[in-house]
Structures are given as structure tokens and as C-alpha cells.
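# Structural description and commentary
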Amino acid sequence: MSLHTNIGFQLLDTCIYNASGPRCTSLKELIQLDKSHSSLVLSKSSTVLPREGNVKPRYYHNELGSINSMGLPNQGFQYYIDSANAISKPYLISVNGLTLEDTKLIITKILQSNKINGIEINLSCPNIIGKGQLAYDLVEMERYLSEIFIIINQYSFPFLVGLKLPPYFDLHWYPQITNIIKKFNVHYITCINSIGNGLLVDSETESTVIKPKGGMGGIGGQYIKPIGLSNVRNFYLEFQKQNLKIDVIGCGGIESGEDIFEYILCGASAVQIGTQFYREGIKCFPRLQQELKDIMSKKGYRCLDDFKGKLQIIN
Ligand code: SIN
């Protein structure tokens, strides 16, 4: 029984690793991930300078999921480049420079360091006060990617490039986004970031549960799994239709091996764990691996390709 998978050219021991977000900001957390059963280490989204992020309280979870308005607290990109010295697994740095110029600078420095396996470009943070989510503005997204790939294309060594996308809610988006992405050498997309600007209310205290942005924040966890699944499915089918070799990574509401099984059935090549990793810590990775193996074993599947993408429509 194998949980091996590939993201682009990168072979991974299992299809399960951390989402950029919880527990991947400090070196201590990155080393914990390196020692854990996560098959890859992905950093918190990095900016040029260290950031405190938004005011607290800025994170809350209940049994159904989470709301966050962290505002990209991170140690600055150089810290994440230097952290590579302590990491033995495939290691990706998430990048959100806040401006195009800063993003270009970060990516240039990461490439020049020649120490990092790749980047996940975060086009979908909903929590930067005064800024929208880049991947909802197709013209701007294309301009942004065009300039970034001028830099990336100057380097010939293997370097994984992924895009973290927000959820899309209407079917016309999928071919439109695909037509942009396919112009660049993108190896994978992650679907989905949190659903932006949701609101959780505490009826007892008659208040919001987080403080920034009037209590609005990105919603994660079980609340968003159906949207995560549909985004994975729609991009997977669109990539197949256009014969594109771009992997789709599922993210959103994964708490069990069954959730992972569903994402892979919809076409995911791997999955990232966010809210549940925050709740449970690194113990979630071996548990999820075992639960997925148990389901595969019951169904007689020996590897992910036995069921990847093979979701059927009910008769
Ligand atoms: C944050 O730091 O605000 C969360 C990051 C994200 O949702 O992209």
C-alpha cells in the first residue's frame, strides 16, 4: 500500500502535508514539521520584512471550523531561506510580498539562495486591510504572474512553483483562470485558501469572535469542505480537458482519512492540512495516513492512482 505522490517533478512519500498558515512561522515549528510525518514542509507566507500581523484576537475555532484574520504575521523571507539549513524534507516557502515589487525581490532572493525546493505564491490572502484578493482580479493576476515568471524563467534548476488560490463560486471562472495559468510554468495550484470575509457571531456576548476588519475573516475547517472539493474537481476536469500537466492540491476542512479520500477522488494529487493541524498538532499526520490507508485497504486500492479523479456522477 503506497501513499506516494508527485507534485510536478517532486516525488513525495505521502500525499499529506501542512498548509501554509498554522504552526509554520517559527524555526521551531518548521523543525517540528521536518521531524513529523508531514511529507513536505511549507512555510508561513513571507513578506520582505517581518510582520506582526493584525490585532488580536485574530483566530478562533469551534467544532465546525475556524475564522482567522492573522494578517500575514511572519519573520520575513530571509528567515525562511536561512531555515532551509535545518530542514531535510522537501521545503517550500510561501510568498506574499504584498506588492509586485516586493514579491519579485523575495522570489529573486529565494532563487539566488539555491537552497529551497520551490515556492507557493499566495494570491489569495483575504486579511490584508485595504487590499483585495489578487486572484479575484484576473487582469492584475496575469500581470503579476507575467512579471514573476520573467524572473523564474532565468533559472534552469528544478524549482517547484505553485499558486494558492481562493475559492471560486461560479463555473465560468475555471476556464478563465486556467487560460491564465497555462501561460506560465506553474506545477501546481492549491485549492482553496479560506473563504474570505466570513463572520462568526457569539450570541452570548453579542459580539464578533475576532477583532480585525469588524470581525470578518477567512473561514476554514468543515464549513468549507464542499467548496474545496468543488474547486479541486473543477480545476482537475478543466486541466484534463486542456491536457495540462498541473497538479491540484486539496485544502479545506480535512479532519479524517475519509476527507482525504474524497479530495483525491475529486482529482487532488495531495492535500494540505490547516485548521486540523492547528487543533491537533503534528499528531494529525500519522493518524490521517493510517485512516486513509484503512479506507484504501477496505476498498482494495493499492495506490492513489487507483482512485484519483475517478469520482462518478450518481445515476
Ligand atoms: C493570514 O495570515 O492572514 C492568513 C494567510 C492567508 O489566508 O493567506
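Look up a bit, the structure's there.
Below you will find a few notes about this structure. (Residues numbered from 1 in each chain as written. Predicted model: local features only at pLDDT ≥ 70, side-chain atom pairs only at ≥ 80, totals over all residues. Heavy atoms only, no water.)

## Quick notes on the overall build of the chain
- For the chain, the count of helices and strands is 9 helices and 16 strands.
- Its C-alpha atoms give the chain a radius of gyration of 18 Å, within 12% of the compact-globule value 20 Å for 315 residues.
- With the C-alpha coordinates of the chain rotated into their principal frame, the extents come out at 55 × 50 × 40 Å.
- For the chain, the share of sequence-separated contacts (at least 6 apart) that also reach a separation of at least 24 residues comes to 75%.
- By element, 52% of the accessible surface of the chain is carried by carbon and sulfur atoms, the whole surface being about 13,700 Å².
- A gap of 4 Å separates the mean positions of the 31 positive and 28 negative side-chain charges of the chain. (Helix = DSSP H or I, 4+ residues; strand = E, 2+ residues; numbered from the N terminus. Rg over C-alpha atoms; globule rule 2.2 N^0.38 Å. Contact = heavy atoms within 4.5 Å. Areas by Shrake-Rupley, 256 points an atom, 1.4 Å probe, with all protein chains shown as cover. Lys, Arg positive; Asp, Glu negative; His and termini not counted. Charge placed at Lys NZ, Arg CZ, Asp CG, Glu CD.)

## A look at the site of the ligand
- In the region of the ligand, the neighbouring residues are K44, N68, M70, G71, L72, P73, N122, C125, P126, N127 and N193.
- L72 places a polar main-chain atom, nitrogen or oxygen, 2.8 Å from an oxygen atom of the ligand.
- Within the side chain of N122, one N or O atom sits 2.8 Å away from an oxygen atom of the ligand.
- Burial of the ligand by the protein amounts to 94% of the accessible area it has alone, namely 260 Å². (Near = heavy atom within 4 Å. Polar contact = N/O pair within 3.5 Å; in protein donor to acceptor, adjacent residues only side chain to side chain.)

## Considering unusual backbone geometry
- Residue P57 is bonded to the preceding K56 through a cis peptide linkage, with omega at 0°.
- By the secondary structure assignment, P57 is in the loop between β4 (41-42) and β5 (59-62).
- Omega for the peptide link from C191 to I192 comes to 20°, which places this bond in the cis form.
- In this fold, I192 is placed in the loop between β10 (188-191) and β11 (195-199).

## Here's the deal with the environment of V232
- By the secondary structure assignment, V232 is in helix α6 (residues 225-241).
- We classify V232 as buried; its relative accessible area is 0%.
- For the pair V232 and C266, spaced 34 residues apart in sequence, the C-alpha separation works out to 6.4 Å.
- Among all residues touching V232, those that are not within four sequence positions of it are C191, V248, I249, G250, Y263, C266, G267 and A268. (Buried < 20%, exposed > 50% of the residue type's maximum accessible area, 1.4 Å probe, protein only.)

## So, the sheet that holds strand β9 (residues 160-165)
- With parallel pairing, the 8 strands of this open sheet are ordered in space as β3-β16-β15-β10-β9-β8-β7-β4. Of all strands in the sheet, those with a lone pairing partner are β3 (16-18) and β4, marking the two edges.
- Pairing of β3 with strand β16 (residues 270-273), which is carried by 3 bridges, proceeds in the parallel orientation. In the strand pairing of β16, N18 is matched with I273. (Pairing = 2+ DSSP bridges.)

## Examining the packing of helix α3 (residues 100-113) against helix α4 (residues 138-152)
- In the contact formed by α3 and α4, the axes pass within 10 Å of each other and the chain directions differ by 25°. Between α3 and α4, the crossing angle belongs to the class labelled roughly parallel. Of the two elements, α3 crosses α4, and the hand of that crossing is right-handed. Taken together, the residues of α4 that come into contact with α3 (itself represented by L100, T103, K104, I107, T108 and L111) are R143, Y144, E147, I148, I151 and I152.
- Partitioning the contact of α3 with α4 into residue classes produces 7 nonpolar, 2 polar and 3 charged. (Axes fitted to C-alpha atoms, helices over the stretch in contact; angles between N-to-C directions. Parallel < 35°, antiparallel > 145°, perpendicular 65-115°, else oblique. Left-handed = near helix turned anticlockwise from the far one by under 90°. Nonpolar A, V, L, I, M, F, W, Y, C, P; charged D, E, K, R; others polar.)

## Looking at the side chain of K44
- Tracing the chain through its elements places K44 in the loop between β4 and β5.
- Of the side chains bearing the opposite charge, E29 lies closest to the buried K44, which forms no salt bridge; the N-O distance is 9.5 Å. (Salt bridge = Lys/Arg side-chain N within 4 Å of Asp/Glu carboxyl O.)

## With respect to the sheet that holds β11
- Read across the open sheet, the 4 strands follow the order β5-β6-β14-β11; overall the sheet is antiparallel. The open sheet has two edge strands, β5 and β11, and neither has a second partner. Taken over all neighbouring pairs, the strand axes of this sheet differ in orientation by 35° on average, direction set aside.
- Where β11 and strand β14 (residues 216-220) come together, 3 bridges link them in antiparallel fashion. Bridge pairing in β14 links L199 to M216.

## Observations regarding the packing of helix α5 (residues 173-181) against α6
- Packing of α5 against α6 brings their axes to within 10 Å, and their N-to-C directions diverge by 60°. Here α5 lies oblique to α6, going by the angle between them. Regarding α5 and α6, the two cross each other, and that crossing is right-handed. The residues of α6 that touch α5, namely those facing Y174, P175, I177 and T178, are S230, N231, N234, F235, E238 and F239.
- Each residue belonging to the contact of α5 with α6 can be placed in one class, and the counts come to 5 nonpolar, 4 polar and 1 charged.

## Observations concerning the nonpolar core
- Counting residues in hydrophobic clusters, the biggest one holds 91 residues, and the most contacted among them are L165, I189 and F235.
- If one sorts the elements of this core by residue count, α4 sits on top with 8 residues.
- Not counting chain neighbours up to four residues away, the residues in contact with L165 comprise L123, S124, A135, I177, I181, I189, T190, I192, N193 and F235. (Core = buried A, V, L, I, M, F, W, Y, C linked by side-chain atoms within 4.5 Å.)

As far as function goes, none of this settles anything; it's purely spatial.
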